[in-house]
Each structure stands twice: as structure tokens, then as C-alpha cells.
2 protein chains.
Amino acid sequence: MSDSMSAASDPMGAASAEPSTVAELGESATLARILPRLTPGDAALLGVGDDAAVVRAPDGRFVVTTDMMVHGPDFRLAWSTPFELGWKAAATNLTDVAAMGARPTALVVAIAAPPTTPVSLLEGIADGLREGLARLAPGAGVVGGDLSASSVLTIAVTAFGDLDGRAPILRSGARVGDVVAHAGVRGDAARGLRLLFAEGTDASGEPDRELAAALRARHPELIAAQLAPSPPVSAGVAAALAGATAMLDVSDGLARDARRLAEASGVGLDFDAATLGADVRLALAGAEDHGLLATFPPHAALPAEFDAIGRVVEGTGELFVDAAPVAAEGWDPYAGWDGRAG
Amino acid sequence: MSDSMSAASDPMGAASAEPSTVAELGESATLARILPRLTPGDAALLGVGDDAAVVRAPDGRFVVTTDMMVHGPDFRLAWSTPFELGWKAAATNLTDVAAMGARPTALVVAIAAPPTTPVSLLEGIADGLREGLARLAPGAGVVGGDLSASSVLTIAVTAFGDLDGRAPILRSGARVGDVVAHAGVRGDAARGLRLLFAEGTDASGEPDRELAAALRARHPELIAAQLAPSPPVSAGVAAALAGATAMLDVSDGLARDARRLAEASGVGLDFDAATLGADVRLALAGAEDHGLLATFPPHAALPAEFDAIGRVVEGTGELFVDAAPVAAEGWDPYAGWDGRAG
């Protein structure tokens, strides 16, 4: 990403004779179209344009997480707009930073795309990254990246955060008697995905752009929860300041992730069924909500984003609903993927 | 990557009845096979196992770079062993950190693999990452990662470094009269790749494992320069301490990368032909050597890894060899890739 941004101000704009795929345009000119859409953010001391970026870490430590989204297993281009892909890539990684009690500061983004990919698709991803950052983590930006060729569109984001002098909130700190609390939607992303599979596919079961658009109009909140989630990123720091004893990002389903927290802490978790909505099983099993599950001391004042949904009990990783044992369920990237490219 | 490492001590070892692909084994058990092969390194305050890692940044800033390697455009499984893939993924990213004058501290690694991928392949990649780090950046380790499903094996590495209180060495600091110097091999990686294409492919032009193995025995240095390079990572800090005015990683060919430095600095670079070996064109055009190109004040004592190969002259990005102008040549990931999976 060493190239100048001069091509972005091409006075010809998007004239029809202009090259429109990354192969036609080439790497340098493609980057020159993408980079002006991104902002490096407040933490960037040196952004795109050299061998590496330099990012502020005032705490003397930094928090880092990485996650890859792959066309087919993780998204379908008939359902997601490029903007939504960029937004979701930012959102999911920011939530992992937030789950440590850290303040997100920056991202780096590596994208591999087929040579036939329209440059406009990459521009859309960049727009989604920028707007997702602006909404969910104001001040954080994109400090670096990489563009590669692949037959499968792949987006790898690595996100950074600063702890501002606090201890990170681990999964292992929950204590018997703590309140179990959750910030964010519960089951909406899974409801959205269920709708997309049920009503957003054509007669042969293939994802369909028109049907998805119609669904989006009828169920905007559920479709957005799946395709462009707005997780409670700022609630991570709020939880840390409120004394959270343990926290994690709920990406694989509340039950599966809650079990991880319970096992790491050497406790059990007992949920109140009344707090989980009408479909308790979906609230427990539905993946990709990207909420924050945290435990707080019994008399802590919960941050506004959090709902109390249960309590920490004696145990070694068990989950309960109203004191009845439940199984963990969730998402394994290699289970049930049929290899279709979406 | 939240799962315990208990499966790694399975007393059955690699018994034949054991699941052998990532799909058969599942995500958790696959990670349990990979993670014990990696070490978090000296900078890790919190490694794999929570939502994010926590890494020391004693300087109050950190250097970060990211790069993706894709099966087909970037490597061929008939030529590269899994160990070599892991080694090269570490080496290339470490060199970008070194090119800032920084000391590499840590990596995060995201891998997307087809469900049919043998777990042993991922173990080999992990072994290569570990040994590449141990050789090229002792003390640095792998602090986090992600495992996804894809039809194309893809390895995304993000690498970090610490500046230890120094200013980063940018591409833009070269001054007229500076010495141009280079650390590392010049053209060997391209010679190795040329050999692989000429003698490592079968009658139909497909990469061939047996032919590549024979080549490896006959030309170990050239094949290693391509498949498992050993770039001069420690020379990056040495250059900074010796007063380097500009530096970059030579990944796309000496001419193409030298032009980037020259343009960023607003100078010309004049190479001494006698220092570039018998095949000057190959030394200038050959990509993937991952050497370090740096400029030093006229009377600086060059670190031992560096050879003087020219001088900085007046200009605006021009390159010369013995004062005769040369064109920039190099590697564009979208130019000339025919989409074959390798």
C-alpha cells in the first residue's frame, strides 16, 4: 500500500470506459481508489504508505484480535452488500476488543479478491469499514492493509485496543454470587439468518438478491442484526469501569460462549428464563449476535447497556435455565458447511 | 481459540483410526493440535484463549503490518511444504517490521482451510511459524489467531514490533549524497522460482512434487530463497542504530521497491552495476528476496549485513545503473495470474 492517492481524484470519475475490475485496474490504482475512503484514526502515528504502520499504545500494552470472513461459509454476496461486509468485519472485531474491557483504537485489513472483482465492491467494503468504525468506535481507524488475489473473496481484520491502565477483563474471573448480565440483542442475528435461508433463497435453494432485498424491507432489524450488526462496543469499557469480573463476546451462541466463561472461571451459570425472551432455545443457541456477556459483583450498578439475565453458581462449566441443566450449542466453522460458494 | 490444550497430549498419538481432517476433527480439537506447537513469546502478557491477546508495547507505540498468502497466486502445495509456508508467512511479515527499524515482538495468524485439509498440514504450518520466529526473531511468538473454512488455503499474518524509543525509519528520509545499501540476497528468490517453473512442472505445466524435491536437492539455496527465505530481520534494528535515513523491504523486486523509496524521498538512486551480480536485470526485477534496502549518511559505518550498492542522487523517483536510466519492474498480484489453484 505504498502508492499515492492521486488516481482517486481522477476528473473522469466513474466514466464507463474506465477499467472496472481489480485485474483491469491493477493493484496500485485499485488501492488509490480504496484508501481515500478510509481514515487512519486518532491512534495512528503513521498510517498506510510505508512497510508498516505505527500506532499509539499509551497504556504500554495493546489488545489484539484477528478474524477472517470467507465468501461462502461466512457470507453470501447475494445477501450482503459490500458495505455490510465491511461494516460486519469491523463490528465483529471491535466487539472482541471490547470484550477485554479495552477501547478500540485501530484496525488493519487484508483482502483477497478474485481478479474479476469490481473495484466498486472493494470501495463498498471500505465504506462499510469506515462507517462501522465511525458508529461503533469513534476515533478508531484503518492504519494498514494488504490486497491479494484469490478465487474466493476473503476479508481478514486485525483489531487493536488500549486498556487505559486497567486490567483486561478475562473469561476466568467470574465468582459464585456474581450477577450474569448481557448487552446487545439475543437471537436476532439467528432469526435474521433463518429468515434469509427460509425466504431469501430461490426454488433451488440458492441465495437470491431480490428475495433478500424484499426481506430486508419487511424485517429490517432482524436482517441488519445478521448482515450488519451493531454490537454494544462501548459497553465493554463501561463494564470494566463498573467492576466486571469476567466478560466475553457472544459470537457462537449464548450457551456455547457462556459455557466457555463458566469453564474458564470454574463456575456454573444459571439463567433466568424470563429474561431470554419467548424463544429461550434460540436465545441460547443463536450465533452471531456479538453481544457482551459479563459477570459483575452482586451489588454492582450495571451499565445501562447490560441486562441482568442470571447469576453465577457453584459448578465446573455447567449451564442452567431456572436451575435446570442445559446443553451448549453453537457454531463450528467446519460443521455443516457444504462448500457452496454462496 | 478458547479451548483447552488437553487433546494435544492424547496418548494415542497419530493412530490411524484418529480423525485426520479439520472437518472430521472439528474446530476445537484442531486448535488443540495446533496451539501447543506455538509459543506466545516474551511480549505476550495474555496469549491465546480469550477474546483477544494483550501484548507489551514498552515504547508506548507499536509497529504493525499485515499480509495474506493465498494458495495459487502466492504458493503451490506441490512445491512448498506446510513447514515452509509457515516459515515464509513469518519471514515476510517480520521483514516488514524490520524495515521500520523495529524489533519484532509478536504475530497473530488467521488461517482459512478447506474442510478436507489434513490436520497435519496445519501442524506443519504451525511448526514453520514457530521455527521461523525462533530463527529470525528470537523472543517473538504467536499471541493469537483464527481458524476458518474456505475452499482456498489462505494464511493471513499480522506482525508487531517495538521501536525501543527510536523514530521509525520511513521510505521518505533519503538525502542526496547518502549511500544506498542492501542486506540480504539479490535475485535468489526469483532464480529459485524460475527453476521451479522450468524444471518443477510436469509435461502439462502443473507443479510437481517429485520434480520440486529433486530441484531442492540440486539447488538448495535458490529453492530455499523462494520457498523458505531467511531475510535479514535483525539488520533492521542494526540499520536504525547505524543512522539509516530511509529503509524498506524489497518484496516486489529491487527496482520497483527502490523506486518507491526514491519517490517517497524525492530523490534518484544510482546503483553500481558491479555490486548487482552477473545478471543485473534479474537482481533488479526479481521479486520476493525480502532483503532490506536502506540509505545511510555518507560516512556512516554500515552494519555488517549491508552491502553498499549505490548512492542517492538528485531526482524525483528515477533509478539509474552506473548513471544510465532503468525502468521499474516487479510483481502485481493481479497481473499475469491465470487463476490456477497450483
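Residues numbered from 1 in each chain as written. Chains lettered and ligands numbered in written order. Predicted model: local features only at pLDDT ≥ 70, side-chain atom pairs only at ≥ 80, totals over all residues. Heavy atoms only, no water.

What to know about the pairing of strand E8 (residues 246–250) of chain A
All names here are of chain A. For E8, a buried count of five out of five residues is recorded, marking the element as mostly surrounded by other parts of the structure. Relative to strand E10 (residues 291–296), E8 runs antiparallel, the two sharing five bridges. Residue pairing in the sheet places Asp-249 in a bridge with Leu-292 of E10. (Buried < 20%, exposed > 50% of the residue type's maximum accessible area, 1.4 Å probe, protein only. Helix = DSSP H or I, 4+ residues; strand = E, 2+ residues; numbered from the N terminus. Pairing = 2+ DSSP bridges.)

Overview of the environment of Arg171(B)
All names here are of chain B. On the secondary structure map, Arg-171 appears in the loop between strand E6 (154–162) and strand E7 (179–183). The buried category is assigned to Arg-171, whose relative accessible area is 8%. Sequence-wise, Arg-171 and Met-100 are 71 residues apart; in three dimensions their C-alpha atoms are separated by 8.8 Å.

Quick notes on the confidence of the model for chain A
Atomic detail in the predicted coordinates should be set aside for any region of low pLDDT. Residue and element names in this part refer to chain A. In the predicted model, chain A carries a mean pLDDT of 90, and the fraction of residues at 70 or more is 90%. Of the regions scoring below 50 in pLDDT, residues 1–15 engages in 23 contacts with residues more than four places distant in sequence or in other chains. Across residues 336–342, confidence stays below pLDDT 50; counting only partners more than four residues off in sequence or on other chains, it has 17 contacts. (pLDDT = per-residue confidence, 0-100. Contact = heavy atoms within 4.5 Å.)

Concerning the sheet that holds strand E5 (residues 141–149) of chain A
Spatially, E5(A)-E4(A)-E6(A)-E3(A)-E2(B)-E1(B) is the arrangement adopted by the six strands of the open sheet, whose pairing is mixed. The sheet is open, and its two edges are formed by E5 of chain A together with strand E1 (44–46) of chain B, each paired on a single side. Between one strand axis and the next, the sheet turns through 25 degrees on average, direction left out of account. Sheet analysis places strand E4 (residues 103–113) of chain A next to E5(A), joined by eight bridges and oriented parallel. Each bridged residue has a counterpart across the sheet, and for Val108(A) the counterpart in E5(A) is Gly144(A). Contacts between helix H4 (residues 119–136) of chain A and the sheet are confined to E4, E5 and strand E6 (154–162) of chain A, with E4(A) contributing the most and set at about 170 degrees to the helix. (Axes fitted to C-alpha atoms, helices over the stretch in contact; angles between N-to-C directions.)

Observations concerning the relation of the copies chain B and chain A
Look at the two chain copies: a rotation about an axis and a shift along it is all it takes to match them. The two copies are related by a screw motion: chain B maps onto chain A through a turn of 180 degrees and a shift of 0.0 Å along the axis, at an RMSD of 0.0 Å. The transformation just described matches what one would write down for a two-fold rotation axis. It is Gly60(B) whose C-alpha, among those of chain B, lies nearest the rotation axis, at 2.4 Å. When the interface residues of chain B are mapped onto chain A, 100% of them again fall at the interface, so both copies present the same face. (Least-squares fit on C-alpha atoms with pLDDT ≥ 70 in both.)

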